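Survey of secondary and tertiary structure
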Amino acid sequence: PEPQFEVLDAQDQFVGRADFAFADERVIVEYDGAWHWEQRREDDRRREAMRRLGWEVIVFSSEDCYKRRPELVAKVREALTRRAVAA
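A few points on the structure. (Residues numbered from 1 in each chain as written. Predicted model: local features only at pLDDT ≥ 70, side-chain atom pairs only at ≥ 80, totals over all residues. Heavy atoms only, no water.)

What to know about helix H3 (residues 69-86)
- Between its terminal C-alpha atoms H3 stretches 26 Å, which fits the 26 Å expected from 18 residues at 1.5 Å a residue.
- Listed as buried for H3 are Leu 72, Val 76, Ala 79 and Leu 80. Taken down its axis, H3 places every buried residue within 95° of arc, on the same side. Facing away from the buried surface of H3 by more than 90 degrees, the exposed residues are Pro 70, Glu 71, Arg 77, Glu 78 and Val 85. (Helix = DSSP H or I, 4+ residues; strand = E, 2+ residues; numbered from the N terminus. Expected span 1.5 Å × (residues − 1). Buried < 20%, exposed > 50% of the residue type's maximum accessible area, 1.4 Å probe, protein only. Arc of directions from axis to C-beta.)

As structure tokens, this is what we get:
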């Protein structure tokens, strides 16, 4: 994945920065730490704009990373496989 990936619209206007992106498959993986709650609505708007541009956005937390890692990895792998087949 590419870290700190800038998502642009069809007019090359900045839409948002993703934590990680698999650009070929158009899959974004975002990490929300505990402090993200304060900026939750802005994150939601940014992610929705990315989804409207055709990106699949997967969001995970520290709990997902440390307690549900196999499920998280499976979810990302499934998205990448599905999107690669569709392309």
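Overview of unusual backbone geometry
- The phi dihedral of Asp 12 is positive, around 60°, even though this residue is not glycine.
- Along the chain, Asp 12 falls in the loop between strand S1 (2-8) and strand S2 (14-22).
- The class of Asp 12 is exposed, set by a relative accessible area of 59%.
- Within the chain, Arg 26 stands out as a residue other than glycine whose phi angle is a positive 60°.

What to know about helix H1 (residues 40-52)
- Given a rise of 1.5 Å per residue, 13 residues ought to cover 18 Å, and the 18 Å separating the end C-alpha atoms of H1 matches this to within 8%.
- Where H1 is buried, its residues contact S1, S2, strand S3 (27-32) and strand S4 (56-61).
- Just beyond H1, the residue with positive phi is Gly 54, at close to 100°. (Contact = heavy atoms within 4.5 Å.)

Some thoughts on the sheet that holds S4
- Read across the open sheet, the 4 strands follow the order S1-S2-S3-S4; overall the sheet is mixed. The open sheet terminates on both sides in strands that have one partner only, identified here as S1 and S4. Averaged over neighbouring strand pairs, the angle between their axes works out to 50° when direction is ignored.
- As judged from the 6 bridges shared by S3 and S4, these two strands associate in the parallel manner. In the strand pairing of S4, Tyr 31 is matched with Phe 60.
- Packed on one face of the sheet, H1 meets S1, S2, S3 and S4 and runs near 85° to S2.
- Each of S2, S3 and S4 touches H3; the most contacted strand, S4, lies at about 175° to it. (Pairing = 2+ DSSP bridges. Axes fitted to C-alpha atoms, helices over the stretch in contact; angles between N-to-C directions.)

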